[in-house]
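Descriptive analysis of the structure
Listed below are the residues making up each chain.
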Amino acid sequence: MLDIKNSYFFTLLRSRSGPEGTKLVAACLAAGLMQGLAVFTVLQGLEQLCDTGIRFHTFLAFLVCLGIFYYLFRYMTEHAALIALRGVMEWRMRVATKLRGISLKEYDKLDKGWVQSALVDEREMVVEATRMLMASAASTIMILVSFLKMFTVSVPGALVVIVFLCLGLVIFLRLVHGVYAFMETAGSAETDFSASLLDLQDGFRQLKQHKPKTSDLFANYVMPGLGRAAAARKATERRHALAISFFAVFNLLILGLILFLMPGFLGLDVTATSTILVLSMFSLSPMMSLVGFVPLLTKVEMNLQDLTSLEQRLDSMAEEFEIKGIATHWQHKDPVVPPFESLCLRDVRFDYFDKQGMRVFGIHVDEFVLRRGELVFIRGGNGSGKSTFMNVLSGLYAAQSGMFFCNDRPLADWGMEVYRNLFAVLPSEFHLFRTPLGVHAPADQVEDVLRLMRIESKVSVNQDGSFSTLELSAGQRKRLALACALLEDRDVYLFDEVAADFDPGFRNFFYESLLPDLQRKGKTILAISHDDRYFHVADRVLCMRDGVFTENGHDKEKS
Ligand SMILES: Nc1ncnc2c1ncn2[C@@H]1O[C@H](COP(=O)(O)OP(=O)(O)OP(=O)(O)O)[C@@H](O)[C@H]1O
């Protein structure tokens, strides 16, 4: 059953409305009163019609009520909708910002389908529910005013109508009771369905290539997911339809009761019967929209509950140093990074654990030193821990133990944010942004780097600073990503198998010219590489095996 006090929707409106909330409540009350007064003038007009004929001042009063009602109704629906819109947009923005505040390790564990469906745009539904809420609240005032009038006509008549109406409402609420449970099932089924749709998008290429893969995905994941979601949704819709239809019929039954039974049983005359009938008709139709609001409100509650759960989950996953930043504002100033001199890791351990908490793999670095201007390669077999080491070194994975010193100062003195910004990282799997983000280089400098990467004939820079295209081959994408890394102009470059997609000519240029040039400019480079024919350009080659550095790398004394 909907708990209004703890409702996410009402809490959102309450917390966002501020001083305007009081004005909205006043406008709502006044609009309801105007609606009630309009009904009175209609009743008065009816009486006058049977008597001496409608008087001009009654018509004028009716028009005045309508005019004021129009103004108030417009004000309250517009402003309430804007409050709801702003509230939900800011909430989503806050959750998206918190998503950025969690560690890479926690991000990898997150169910992306759930994140997608929780963050999915439910603005329209929330705004629609707000409009309906305001209209329903005004109607409720009008209904109360109508019942007061009914009591002045006939106390027993009014009591009978109220008793039957309450009976109808109780049965209606009993019928919608339990819809929440159905909706929770529907929500989790829809999340599973969204996850299988993510597979469809991310694996589009492989699915397009092979029919059996597509058949498997659709037959065993997409369709059953859709079936479960549809079945769960069907149950909720049936329950809602049953409740609303019952209430609609019950309303007509009340009108029939007034017309056919009240004159006989309560001895009401024609005027009293028709007045109660008209007042009931005016009250029952907004009552219908009020009960129609319940299903929408339930859906909105489910959506906002999902968003709340995601936010709570992200809060529990937030990295210690990010908590203050993301809680205040994401637009805090970019960190100032001191010039790099040296880096030293001592007795550092990082372990992966499975869901049962069992260690599945780990790295242990006894001692690792990197000095300004060095060019160091790391080699090693697949799964030996090279990328994991790079993630630990760059601060993306938090080591479980060990010491980090940067420029001979402990990492705590630097702060994680400053430390991370020391590096320009090009991982083996990367995302190309439309613009070189975080780069403040002028367009001609960007074009120079594109020329250096030999992709100037393929990609140029638009006036707004974005790249002209990202429709590139795998090697070209890598070169563009490398261009972006160079434009970041950091002191330390971390490259994870960057040359894997390069053609022989560009690979030669990368190892023989680009890396030594960077080194001459004082940059420090640590690169994971399997290209042993170019190992001679490095100052040192380290070898990783089973998560530890072994001896059989090589050192080179450069002249
Ligand atoms: N998120 C994770 N959770 C658990 N284990 C992981 C995770 N990521 C990687 N591993 C495990 O850690 C080990 C090392 O992986 P890593 O990616 O560091 O190897 P690598 O040396 O870079 O390999 P490659 O040369 O194939 O890229 C692998 O056995 C892998 O299964």
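Parameters at a glance
Residues numbered from 1 in each chain as written. Predicted model: local features only at pLDDT ≥ 70, side-chain atom pairs only at ≥ 80, totals over all residues. Heavy atoms only, no water. UniProt positions renumbered as here; feature names shortened; annotations may be inferred. Patch = residues over 30% accessible without salt bridge, like charges linked within 9 Å, V, L, I, M, F, W, Y side chains within 5 Å. Areas by Shrake-Rupley, 256 points an atom, 1.4 Å probe, with all protein chains shown as cover. Salt bridge = Lys/Arg side-chain N within 4 Å of Asp/Glu carboxyl O. Helix = DSSP H or I, 4+ residues; strand = E, 2+ residues; numbered from the N terminus. Buried < 20%, exposed > 50% of the residue type's maximum accessible area, 1.4 Å probe, protein only. Expected span 1.5 Å × (residues − 1). Arc of directions from axis to C-beta. Polar contact = N/O pair within 3.5 Å; in protein donor to acceptor, adjacent residues only side chain to side chain. Near = heavy atom within 4 Å. Pairing = 2+ DSSP bridges. Contact = heavy atoms within 4.5 Å. Axes fitted to C-alpha atoms, helices over the stretch in contact; angles between N-to-C directions. Domains from an automatic or database assignment. Buried area = accessible area lost by both parts, 1.4 Å probe.

Recorded in UniProt under Subcellular location (unreviewed entry), the annotation for the protein chain is "Cell membrane".

Quick look at a nonpolar patch on the surface
A surface patch of nonpolar side chains, about 910 Å² in accessible area, is lined by Leu 46, Leu 49, Ile 54, Phe 56, Phe 59, Leu 60, Leu 63, Val 64, Leu 66 and Ile 68. When residues of the nonpolar patch are traced back to their parent elements, those giving at least two are helix H2 (20-50) and helix H3 (56-100). Among the elements that take part in the nonpolar patch, H3 stands out by supplying 7 residues, more than any other. Within the fold, Phe 59 resides in helix H3. A relative accessible area of 42% places Phe 59 in the partly exposed class.

Focus on helix H13 (residues 386-393)
With respect to burial, H13 is a largely interior element, 7 of its 8 residues being buried. If you check which residues of H13 are buried, you get Lys 386, Thr 388, Phe 389, Met 390, Asn 391, Val 392 and Leu 393. Two residues or fewer after H13 comes Gly 395, characterised by a positive phi angle close to 85 degrees.

Digging into helix H7 (residues 155-176)
Think of an α-helix as turning once every 3.6 residues; residues three or four places apart then point the same way. Helix length check: H7, at 22 residues, gives a terminal C-alpha distance of 31 Å against a target of 32 Å (1.5 Å per residue), a fit within 8%. For H7, the set of buried residues is Gly 157, Ala 158, Val 161, Leu 165, Gly 168, Phe 172 and Val 176. Down the axis of H7, the smallest arc covering the buried residues is 100 degrees, so these residues share one side. Relative to its buried face, H7 has exposed residues pointing more than 90 degrees away, namely Val 163 and Arg 174. Two to three positions downstream of the cap, the backbone nitrogen of Gly 157 sits 3.0 Å from a side-chain oxygen, assigning the N-cap of H7 to Ser 154.

Considerations on the site of the ligand
Around the ligand, the surrounding shell consists of Tyr 352, Val 360, Phe 361, Gly 381, Asn 382, Gly 383, Ser 384, Gly 385, Lys 386, Ser 387, Thr 388 and Glu 497. For the ligand, an oxygen atom lies 2.9 Å from a polar atom in the backbone of Gly 385. Computed on the free molecule, the ligand has an accessible area of 640 Å², of which 62% lies beneath the protein chains in the complex. At the level of secondary structure, the elements contributing two or more residues to the shell around the ligand comprise strand S2 (359-371) and H13.

Some words on the sheet that holds strand S1 (residues 342-353)
Sheet architecture is open: 4 strands sit in the order S2-S1-S4-S5, paired in antiparallel fashion. At either end of the open sheet lies a strand with only one pairing partner, and these are S2 and strand S5 (409-410). Where strand S4 (residues 401-406) lies against S5, 2 bridges are found, and the strand directions are antiparallel. Bridge assignment links Phe 405 to a residue of S5, and that residue is Pro 410. Contacting S1, S2 and S4, H13 runs over the sheet at an angle of about 120 degrees to S1.

Some words on the domain arrangement of the protein chain
Frequently, the measure chosen for interface size is the accessible area removed from exposure when the parts meet. Taken domain by domain, the protein chain consists of domain 1 (8-324) and domain 2 (342-555). Spacing between the C-alpha centres of domain 1 and domain 2 amounts to 53 Å. Opposite the 7 residues of domain 1 that make contact, domain 2 presents 9 residues. Both faces considered, domain 1 and domain 2 share a buried interface measuring about 610 Å² in area, 58% of it formed by carbon and sulfur atoms. Considering only the surface of domain 1 that becomes buried against domain 2, Leu 104, Lys 105 and Phe 321 emerge as the three largest contributors, covering 75% of it. Between the two partners, domain 1 and domain 2, sit 1 residue pair in polar contact (both at pLDDT 80 or more). The element that contributes the greatest number of residues to the side of domain 1 that touches domain 2 is helix H4 (residues 104-109), accounting for 3 residues.

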